[in-house]
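Chain residues, written in single-letter form:
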Amino acid sequence: MAPYIGTSVSRVDGRAKVTGAAQYAAEFDAPDLAYGRVVTATIACGRVARIDITDALRVPGVIAVLTHENRPPLADNDKGYKDDVAPSGSPYRPLYDDKVQFNGQPVALVVAEDEDTARFAATLVRVEYDAQPHETDFFARRDAAFTLDRRTTRRGDAAAAFSAAPVRHEAEYVIATEHHNPMELFASTAIWEGGGRLTVYEKTQGVQNVHRYLCGVFGIEPDHIRVVSPYVGGAFGAGLRPQYQVVLAVLAARALQRSVRVVLTRAQMYALCYRPATIERVALGANADGTLQAVRHEAIAVTSQHEAFARNDTSWSGLLYTSPHAEYVHRLVRLDLPTPADMRAPGAATGVYGLECAMDELAVALKLDPLELRLRAYSDRDQNDDLPYTSKALRDCYSRGAEAFGWSQRKPEPRSMREGNELVGWGMASGVWEALQVPTAARIVLTANGHAEVACATSDIGTGTYTIMAQVAADMLGLPLDNITVKLGDSSLPRSPVEGGSWTAASVSHAIAAAADEVRTALLALVAKAPDAPLAGVAPDDAVLANGMIASRRDPARALSIADAMRAGGVERIAREASVDFKDDGKYARNTHSAIFAEVRIDEELGVIRILRIVSAVAAGRILNTKTARNQIVGGVVWGIGMALHEETQIDHRFGRVMNANISEYLVPVHADVHDIDVIFVDEPDPHVNALGIKGVGEIGIVGVAAAIANAIYHATGKRIRDLPITLDKVLG
Ligand code: MOS
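First, a word on what this report is: a plain description of the structure on this page. Just so we're clear, the structure is a prediction, and the values are computed from it rather than from any experiment.

1. Some words on the packing of aromatic side chains
Argument step 1. Applying the stated rule across the entire model yields 15 aromatic pairs.
Argument step 2. Each ring, one from Phe405 and one from Trp426, has its centre 4.9 Å from the other, and the planes form 75°; the classification is edge-to-face. Taken together, the positions of Phe405 in helix H11 (residues 394-405) and Trp426 in strand E22 (residues 422-434) put the pair 21 residues apart, joining distant regions of the chain.
Argument step 3. Linked through ring pairs, Phe405, Trp407, Trp426 and Phe597 together constitute an aromatic cluster.
Argument step 4. Taking the ring centre of Tyr96 as reference, the NZ or CZ of Arg93 above it sits at 4.4 Å.
Argument step 5. In this structure, Arg657 packs its charged tip against the face of Phe655, placed 5.2 Å from the ring centre.

2. Notes on the sheet that holds strand E7 (residues 126-131)
Argument step 1. In spatial order, the strands read E5-E2-E7; together these three strands make up an open sheet with antiparallel pairing. The open sheet has two free edges, formed respectively by strand E5 (99-100) and E7, since each of these has just one partner strand.
Argument step 2. Relative to E7, strand E2 (residues 46-52) is paired through six bridges, and the arrangement is antiparallel. Directly across from Gly46, in E7, lies its bridge partner Ala131.

3. Details of the pattern of salt bridges
Argument step 1. As enumerated under the stated definition, the model contains 45 salt bridges in all.
Argument step 2. With its nearest N and O atoms 2.9 Å apart, the salt bridge here joins Arg241 to Asp83. Placement of Arg241 in the loop between strand E13 (225-228) and helix H7 (244-256) and of Asp83 in the loop between strand E3 (62-67) and strand E4 (88-89) is noted, with a sequence separation of 158 residues between them. For the pair shown, Arg241 and Asp83 are each scored as buried.

4. Brief notes about the sheet that holds strand E23 (residues 440-447)
Argument step 1. Read across the sheet, four strands follow the order E25-E24-E23-E29 without closing on themselves; strand pairing throughout is mixed. In this open sheet, the two edge strands, each paired with only one partner strand, are strand E25 (484-487) and strand E29 (573-580). Pairs of neighbouring strands in the sheet enclose a mean axial angle of 15°, with direction left out of account.
Argument step 2. Relative to strand E24 (residues 452-455), E23 is paired through four bridges, and the arrangement is antiparallel.

5. Notes on helix H3 (residues 115-122)
Argument step 1. Those residues of H3 that sit buried are Thr117, Ala118, Ala121 and Ala122. Viewed end-on, H3 has its buried residues packed into an arc of 130°, placing them on one side of the element. Exposed residues pointing more than 90 degrees away from the buried face of H3 are listed as Glu115 and Asp116.
Argument step 2. You can read the cap of H3 off the contacts: a side-chain oxygen lies 3.1 Å from the backbone nitrogen of Asp116, and it is on Asp114.

6. Details of the packing of helix H15 (residues 626-645) against helix H16 (residues 705-717)
Argument step 1. At a minimum axis separation of 8 Å, H15 and H16 run at an interaxial angle of 50°. By the angle between their directions, the pair H15 and H16 is classed as oblique. H15 and H16 meet at a crossing whose hand is right-handed. Facing Val637, Gly640, Ile641, Met643, Ala644 and Leu645 of H15, the residues of H16 in contact are Val705, Ala706, Ile709 and Ile713.
Argument step 2. Residue composition of the contact of H15 with H16, grouped by class: nine nonpolar, one polar and no charged.

7. Some points on the layout of surface pockets
Regions of empty space are outlined by a rolling probe, equal in size to a water molecule, passed over the atoms.
Argument step 1. Taken as a whole, the second largest pocket holds about 590 Å³ of empty space.
Argument step 2. A class-by-class count of the residues in the lining of the second largest pocket yields ten nonpolar, seven polar and eight charged.

8. Brief notes about empty space enclosed by the protein
Argument step 1. Following the criterion strictly, the structure yields six cavities of 30 Å³ or more and no others.
Argument step 2. Taken as a whole, the largest cavity spans an internal volume of roughly 270 Å³.
Argument step 3. What lines the largest cavity is a set of 20 residues, among which Tyr92, Arg241, Pro242, Gln243 and Leu272 lie closest to the centre.
Argument step 4. Its residues placed into classes, the lining of the largest cavity shows 14 nonpolar, three polar and three charged.
Argument step 5. Taken together, 15 residues make up the lining of the second largest cavity; nearest its centre are Pro276, Phe309, Arg311, Asp313 and Gly347.
Argument step 6. Here the lining of the second largest cavity is built from residues that sort into seven nonpolar, four polar and four charged.

Conventions used here
Residues numbered from 1 in each chain as written. Predicted model: local features only at pLDDT ≥ 70, side-chain atom pairs only at ≥ 80, totals over all residues. Heavy atoms only, no water. Phe/Tyr/Trp six-rings, centres within 6.5 Å; stacked < 30°, edge-to-face > 60°. Helix = DSSP H or I, 4+ residues; strand = E, 2+ residues; numbered from the N terminus. Lys NZ or Arg CZ within 6 Å of the ring centre and 35° of its normal. Pairing = 2+ DSSP bridges. Salt bridge = Lys/Arg side-chain N within 4 Å of Asp/Glu carboxyl O. Buried < 20%, exposed > 50% of the residue type's maximum accessible area, 1.4 Å probe, protein only. Axes fitted to C-alpha atoms, helices over the stretch in contact; angles between N-to-C directions. Arc of directions from axis to C-beta. Polar contact = N/O pair within 3.5 Å; in protein donor to acceptor, adjacent residues only side chain to side chain. Parallel < 35°, antiparallel > 145°, perpendicular 65-115°, else oblique. Left-handed = near helix turned anticlockwise from the far one by under 90°. Contact = heavy atoms within 4.5 Å. Nonpolar A, V, L, I, M, F, W, Y, C, P; charged D, E, K, R; others polar. 1 Å grid on protein atoms, 1.4 Å probe; cavity = no way out; pocket = protein on both sides within 12 Å on 5 of 7 lines; lining within 4 Å. Points joined across faces, edges and corners; volume = space filled by probe spheres on them.

Pasting the structure below:
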């Protein structure tokens, strides 16, 4: 039986998804289900002075209107609200008191017998505010930025080395605020099971995180609540932390002792979380030969008044390239907005945009090909920590990507390539992300008919986790893929942290491998008991599961089918749970890398930008599934197109409110914007990163894409536009 790992197996949950059999959080039903509709604040800062719910309550079918004034008790300390991935500060507490911390925060929940009634009655809740002055304008407040010490690092004397460098480039690159916009709305269906017990169907990237959070917020006993999330319609980081609708659904269910569903509207999701607007200030000092002397990178980003959200934007700059002097600083501006959140490759998507545009500008100053500059500055060691990489096949990404793209045909001069009335531009950039692993457990139940169920509380946020779990289990147990059933997204399953950081594939795969080891050992113990059995005396490290058999590796003739082995042992099933810890020994840097090449076409008179081709060459260790992995990279590239050309959350600062809180005015790439995307996975055997050589691919796909496009636009037009998104008015302006 050929292994499944490394092949292009189709999604095992694909049929359920396309036929509608897959159930999402808002699709679970209960008898007597009530519907909650959120009423949101229309000021950005201040207090609710008066809230009048009498008209809403008069509507036939309205069951209750919950506000901070009449709600049941909630935890009165920050600790109760701290979820697993909360930043430092005070987490936001929905319906806790009369304080308004951001425009769009919930101030009431109307619960009714049906959705339309709740929706109508919500319009009748009258709220009066004591408004206080607010500030939501990042650029107006940038001078008020404060420095986060833990994000400040330096080596050598970057300021002096930069001043002394023969060739210098320094500029600011700006990335607009972006919202996640997953297809599935945030939704919670809290099923009242009686006796204070609840099952919560939830849209989340981490059922056990939500479980712990709800226990903290409501003081519920852990065994009285279960959080379930079998399918997630996209989240991209928005689902890492519990969102407020789950608090409201559970609050109402407990108050009414009845099942309640709360689904947010698309507009309401714009007051949840977002990737903060960021200014990336990058200074590069180089020798005439293109080797770097100094890298300085300062990021300024947005956070809320109540939490200090920050990600690593800057230190990629000293990681990706060799430079004896480097200095990074991360600064934050507090605004009257909700706390930002992780969004696909948080920190790298934005920070590497700045770095890779700056490298392109440096290449122009040096009169070097941009790819050649990357090779001259190449780093074989992580210089931030002075460590070798577990593996780094970035050179292969450059060469294979360049070859597939035809980079050698590029004419260096801007505006030198054209076709008809279109200017043609070719740009490139590098990408980098982390290869992370987190403690995770998995359980395997093997039954005598040769079927196995593999279970872990992790999520599948569309990344293909169901499928890779099935592949790994099938290979480790020596069973056909069809004999494997995967269970995930249930807080009662073996421990898993949130699905994020591209760490799930590596983490859950090793947990499954460990559980399979225990199953094999248990099976061997069963058959070794029988003295005349073919496997008597076989040592555990010589036993192997393959082709539905347990066999001796050294002497394959000594084998027994799983069914016979179980019969011999007199058992119907073997259940084993194992966990993996992943202690980082600190000996290696662990990263994935990429090289992106982009071709843009720009109408010279109209400024219309088309992106005709993107080649993304990725080095990410062992690829478990070439189809789902490619799908991740394509998704990341498409988002990179959106980041470069379309996406921008616009706030009306008079009200501190998002103006384009809908997906017709918040632009994302549509099919007509997306042309050829060529994904190449370069070979990257990695004996050090972990036993199976897995690095994860969920996030590397977006990193560097916007920079490659911006650099291509410069090459096409001769015009350097540093502020994203690059719209046609900026091209023409
Ligand atoms: Mo990812 S931004 O960790 O979901």
